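Below are the chains, spelled out letter by letter.
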Amino acid sequence: MFLKFFLDKCILCFLALGSIPIGYINRKNKFRKIENQKYALFSSIVMNSFLIYLNKFFGILGIFNFFLGNYLCLIGITGGIAVGKSTFCNFLKKKDVVVINADEITSKIYTKDSICYKKIVKHFGENILNNDKSINRTLLRKIVFNNEENVKYINKITHTYIILQIIKECLKYKFLYFKYNVAIEAPLLIETKLYLLTSPVILLKSSVRNQIKRILSRDKNCTYDTAMGIIK
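First things first, this report covers the structure right here in the doc. In this text, all values refer to a predicted model and were calculated from it rather than measured experimentally.

**Here's the deal with unusual backbone geometry**
Then, in step 1: Located in the positive-phi region is Asp 96, a residue other than glycine, with phi close to 65°.
Then, in step 2: Position of Asp 96 relative to the elements: it lies in the loop between helix H5 (85-94) and strand E2 (98-101).
Then, in step 3: On the basis of relative accessible area, Asp 96 is assigned to the exposed category, the value being 51%.
Then, in step 4: Of note, the phi angle at Lys 133 is positive, near 75°, even though the residue is not glycine.
Then, in step 5: Inspection of the secondary structure assignment puts Lys 133 in the loop between helix H7 (115-124) and helix H8 (137-145).

**Observations concerning a nonpolar patch on the surface**
Then, in step 1: On the surface, Ile 167, Leu 171, Phe 175 and Leu 197 cluster together into a nonpolar patch covering about 310 Å² of accessible area.
Then, in step 2: Within the secondary structure, Ile 167 sits in helix H9 (residues 148-175).
Then, in step 3: Overall, Ile 167 belongs to the partly exposed group, its relative accessible area being 34%.

**Side note on the side chain of Thr 106**
Then, in step 1: Turning to its location among the elements, Thr 106 is positioned in helix H6 (residues 102-109).
Then, in step 2: A residue is classified by how much of its surface remains accessible, and Thr 106, at 16% relative accessible area, is buried.
Then, in step 3: A distance of 2.7 Å separates the side chain of Thr 106 from the backbone oxygen of Ala 102, its partner in a polar contact.

**Observations regarding the layout of surface pockets**
Then, in step 1: Put simply, the largest pocket is a space of about 1400 Å³.
Then, in step 2: Forming the walls of the largest pocket are 49 residues, and the residues nearest its centre are Ile 81, Asp 103, Phe 145, Pro 187 and Ile 230.
Then, in step 3: A total of nine residues in the lining of the largest pocket trace back to one element, the largest contributor, which is H9.
Then, in step 4: Per-domain counts for the lining of the largest pocket show at least three residues from each of domain 1 (75-97 + 182-231) and domain 2 (105-180).
Then, in step 5: The calculated volume of the second largest pocket comes to roughly 200 Å³.
Then, in step 6: The wall of the second largest pocket is formed by Val 98, Val 99, Ile 100, Asn 101, Glu 104, Ile 105, Lys 108, Tyr 161, Gln 165, Glu 169, Lys 172 and Tyr 173.
Then, in step 7: Of all the elements, H9 adds the most residues to the lining of the second largest pocket, at five residues.
Then, in step 8: Among the residues forming the lining of the second largest pocket, the class breakdown is six nonpolar, two polar and four charged.

**A word on H5**
Then, in step 1: Turning to H5, its buried residues are Lys 85, Cys 89 and Leu 92. Considered in projection along H5, the buried side chains sweep an arc of 55° and stay on one side of the axis. The exposed set on the far side of H5, more than 90 degrees from its buried face, consists of Thr 87 and Lys 94.
Then, in step 2: Elements that come into contact with the buried residues of H5 comprise strand E1 (74-79), E2, strand E3 (182-185) and strand E4 (198-204).
Then, in step 3: A positive backbone phi angle near 65° is found at Asp 96, which sits one or two residues after H5.

About the thresholds
- Residues numbered from 1 in each chain as written.
- Predicted model: local features only at pLDDT ≥ 70, side-chain atom pairs only at ≥ 80, totals over all residues.
- Heavy atoms only, no water.
- Helix = DSSP H or I, 4+ residues; strand = E, 2+ residues; numbered from the N terminus.
- Buried < 20%, exposed > 50% of the residue type's maximum accessible area, 1.4 Å probe, protein only.
- Patch = residues over 30% accessible without salt bridge, like charges linked within 9 Å, V, L, I, M, F, W, Y side chains within 5 Å.
- Areas by Shrake-Rupley, 256 points an atom, 1.4 Å probe, with all protein chains shown as cover.
- Salt bridge = Lys/Arg side-chain N within 4 Å of Asp/Glu carboxyl O.
- Polar contact = N/O pair within 3.5 Å; in protein donor to acceptor, adjacent residues only side chain to side chain.
- 1 Å grid on protein atoms, 1.4 Å probe; cavity = no way out; pocket = protein on both sides within 12 Å on 5 of 7 lines; lining within 4 Å.
- Points joined across faces, edges and corners; volume = space filled by probe spheres on them.
- Domains from an automatic or database assignment.
- Nonpolar A, V, L, I, M, F, W, Y, C, P; charged D, E, K, R; others polar.
- Arc of directions from axis to C-beta.
- Contact = heavy atoms within 4.5 Å.

Here it is, written out as structure tokens:
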């Protein structure tokens, strides 16, 4: 008797939790296929109506989970280097959108004694260090972006850390500060599969000429060839 009761409640709980991905799909397809959004809404209505019929508590829980799934969806912003992502994100911030910048998280990777710092120094040698033992990012950039294997290595050791930190920041703003609109700004949003958490995905573009101009204005030590290597 107890086992049957337990299994019944587990099934109801499972159905209620199923509203989370349905709510997420609903928000995700808001900016994509209207048909998919309609299917998500219809599925939620049918499932939660059935749950309410069986058990009011789990029915209400299902409705709550639907809105929770809707709430969890993020905005994605991506584009190449120096295409105007910062300008666009500053505009969004004025509209009360929280923007999580992947580059800012990436910069923490290069702090002394971090795991990524040790791996980078071990791989590329101490020649990439400044006098204070900090990583010379300009020099590292020249070494990395002129060699595809080096690019793959850097991406391999940094992506996991960056993704985990981004998810952590998203959860913080969603559940501690209750921010509905949270955006991820990441140049490698597609490559790192972070786009799966987002909708819409906003892709920013610019001419190569403007990109080079912006890169050179940001970093006076950067050469034209290095800038071209970064863009490619």
